[in-house]
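Residues per chain are reported as follows:
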Amino acid sequence: VTRLLQNGIAVHFTNICGEDETKQTNPEVFRAMESFEARSDDVILAGYPKSGTNWVGQILSDLVATFEKKRLEEKSVNDEELEEFPYLEIGDTEKYERMKKLPSRRVILTHLSPEKLPKSIFKNKAKILLLIRNPKDIATSFFHFSNAWSALPSYETWDDFFIAFMTEKMPWGSYFNYLSEWNKYAADENVMTITYEELKENQTLGVKNIASFFGISLTGEELRSVIERSSFQSMKENSLKTHGALGSMLFRKGGVSDWKNLFNEEQNEKMDKVFEERIARTKLGTKLKYEVYCK
Ligand code: A3P
């Protein structure tokens with residue numbers, strides 16, 4: 001279990017998303033997903049693509065693995081060789097049956113907005129960590145990733161991408177819709193929100209808060225190891241092993257404000273306006289500190 005959880009984010013990434021594009025999600029998978037039964041001890045990470053889901057996914061699986069290992073040792077439970085690609089909506093129609101056999105606690109990632117998620121997640125009170133990132137860096141990261149990875153549409157120019165992003169023609173839908181839909185859940189006691197930027201600013205505090213939200217208690221030494229293993233440098237160095245060919249595309253710069261290299265004045269104004277109209281005065285809008293990170 002430990003090994004699987006530790007590598008859970010990575011192990012099957014290339015199988016699902018690599019050369020064989022037919023293995024990505026489709027309407028049948030979405031229908032099958034309705035049968036997914038959440039558990040109250042599931043560890044769910046919700047994040048729009050490029051918000052740092054691989055980073056925080058690694059933190060979560062490492063926290064859980066370290067914690068569960070201790071628990072399993074105490075109980076001398078046998079290791080089971082079960083694993084599953086961690087993104088809920090990516091896989092095949094049998095995935096949700098197989099997931100029933102996975103031992104607790106399962107770490108599950110999703111790029112979906114809440115209204116598209118299986119109802120049992122909310123009904124069974126699974127805890128959700130919601131990861132958000134400033135929209136300008138999301139767009140920047142998404143642009144580079146789209147052009148690097150052949151499974152996604154590519155764009156001749158940044159300007160073309162910007163139009164697609166703003167007119168909401170994106171895989172997984174519009175980020176502004178995503179933020180307004182998740183905002184409806186931002187005050188729920190089973191939802192904790194964290195921003196990419198705050199985690200970047202103080203990773204130790206962020207990891208401690210995440211662990212405490214999921215009821216995971218680790219020693220200072222164990223926490224330090226989790227933090228070390230999830231540093232950008234360490235994840236980038238291991239990325240070929242963990243994510244195959246996608247590794248070099250996923251772990252690109254790992255910082256804030258790279259948008260300043262792409263956005264022109266007009267694009268800044270357009271995004272500022274949409275953000276102001278739709279998100280700025282919401283709970284998530286405040287949390288994003290737009291004035292600090294996008295001006
Ligand atoms: P950039 O393209 O701006 O570098 P996702 O995993 O959701 O696809 O998000 C990818 C983004 O998260 C990329 O942003 C990537 O570099 C960044 N990222 C990945 N691992 C990280 C880490 N350990 N620390 C900081 N950023 C990380």
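As shown above, the structure is provided for reference.
Quick notes on the rules
Residues numbered from 1 in each chain as written. Predicted model: local features only at pLDDT ≥ 70, side-chain atom pairs only at ≥ 80, totals over all residues. Heavy atoms only, no water. Helix = DSSP H or I, 4+ residues; strand = E, 2+ residues; numbered from the N terminus. Buried < 20%, exposed > 50% of the residue type's maximum accessible area, 1.4 Å probe, protein only. Contact = heavy atoms within 4.5 Å. Areas by Shrake-Rupley, 256 points an atom, 1.4 Å probe, with all protein chains shown as cover. Salt bridge = Lys/Arg side-chain N within 4 Å of Asp/Glu carboxyl O. Near = heavy atom within 4 Å. Polar contact = N/O pair within 3.5 Å; in protein donor to acceptor, adjacent residues only side chain to side chain. 1 Å grid on protein atoms, 1.4 Å probe; cavity = no way out; pocket = protein on both sides within 12 Å on 5 of 7 lines; lining within 4 Å. Sits in = over half its atoms within 2 Å of the grid points. Points joined across faces, edges and corners; volume = space filled by probe spheres on them. Nonpolar A, V, L, I, M, F, W, Y, C, P; charged D, E, K, R; others polar. Pairing = 2+ DSSP bridges. Axes fitted to C-alpha atoms, helices over the stretch in contact; angles between N-to-C directions.

Turning next to the overall build of the chain. A count of helical and extended segments in the chain gives 17 helices and four strands. Here the chain holds 295 residues, and 53% of them are scored as buried. By sequence separation, contacts in the chain at least 24 residues apart represent 77% of the contacts at least 6 residues apart. Surface accessibility of the chain: about 13,800 Å² in total, with carbon and sulfur atoms responsible for 51%.

Glancing now at the pattern of salt bridges. Any two side chains of opposite charge can pair, on the condition that their charged atoms come close. Enumeration over the complete set of coordinates arrives at 17 salt bridges. Across the salt bridge formed by K136 and D272, the nearest N and O atoms sit 2.9 Å from each other. One end of the pair, K136, is in helix 7 (residues 135–148); the other, D272, is in helix 15 (residues 265–278), and 136 residues separate them in sequence. For K136, a relative accessible area of 0% translates into the label buried. Between R224 and E221 there is a salt bridge, with its nearest N and O atoms 3.2 Å apart. Linking R224 with E221, this pair stays in helix 12 (residues 220–229), spanning three residues, or about one helical turn. Look at the salt bridges and you will find they share partners, linking E84, D92 and R98 into a network.

Quick look at the pairing of strand 4 (residues 191–195) now. Of all five residues in strand 4, five are buried, a share of seventy percent or more. The alternating pattern of strand 4 places V191, T193 and T195 and M192 and I194 on opposite faces, both of which are buried.

Further remarks concern the side chain of Q267. Topologically, Q267 is positioned in helix 15. Apart from residues lying up to four places away in sequence, Q267 is in contact with W158, D159, F162 and L262.

Attention now goes to the site of the ligand. Close to the ligand lie 19 residues; T53, S141, Y196, K253 and G254 are nearest. For the ligand, a nitrogen atom lies 2.7 Å from a polar atom in the side chain of Y196. Contact distances for the ligand include 2.7 Å between an oxygen atom and a backbone N or O atom of K253. Look at the ligand: alone it shows 570 Å² of surface, and the protein chains cover 97% of it. Judged by the proximity of its atoms to the pocket grid, the ligand belongs to the largest pocket.

Once that is clear, we can look at unusual backbone geometry. In this chain, S104 is followed by R105 through a cis amide linkage whose omega measures -5°. Note that R105 resides in the loop between helix 5 (95–99) and strand 2 (107–110). At W172, a residue that is not glycine, the phi angle is positive and equals roughly 70°. Residue position: W172 is located in the loop between helix 8 (158–166) and helix 9 (175–183). You can call W172 partly exposed: its relative accessible area is 29%.

Turning our eyes to something else, we now look at the layout of surface pockets. Reported here for the largest pocket is a volume of approximately 590 Å³. Lining the largest pocket are 37 residues; nearest its centre among them are K50, G52, T53, N54 and L250. Those elements that place two or more of their residues in the lining of the largest pocket are helix 2 (13–17), helix 4 (53–75), helix 7, helix 10 (196–201), helix 13 (232–243) and helix 14 (247–250). With five residues, helix 7 is the largest single contributor of residues to the lining of the largest pocket. The residue makeup of the lining of the largest pocket, split by class, is 19 nonpolar, 11 polar and seven charged.

Here the focus is the sheet that holds strand 4. Strand order in the open sheet made by the four strands is 2-1-3-4, with parallel pairing throughout. Each edge of the sheet is formed by a strand with only one pairing partner; in this case those strands are strand 2 and strand 4. Within the sheet, the average angular offset between the axes of one strand and its neighbour, ignoring direction, is 20°. Sheet strands touched by helix 9: strand 1 (43–47) and strand 3 (127–132). Its angle to strand 3, the strand with the most contacts, is close to 140°. Against the sheet, helix 11 (residues 203–213) touches strand 3 and strand 4, its axis set at about 170° to strand 4.

Shape is all these values report; function is a separate question.
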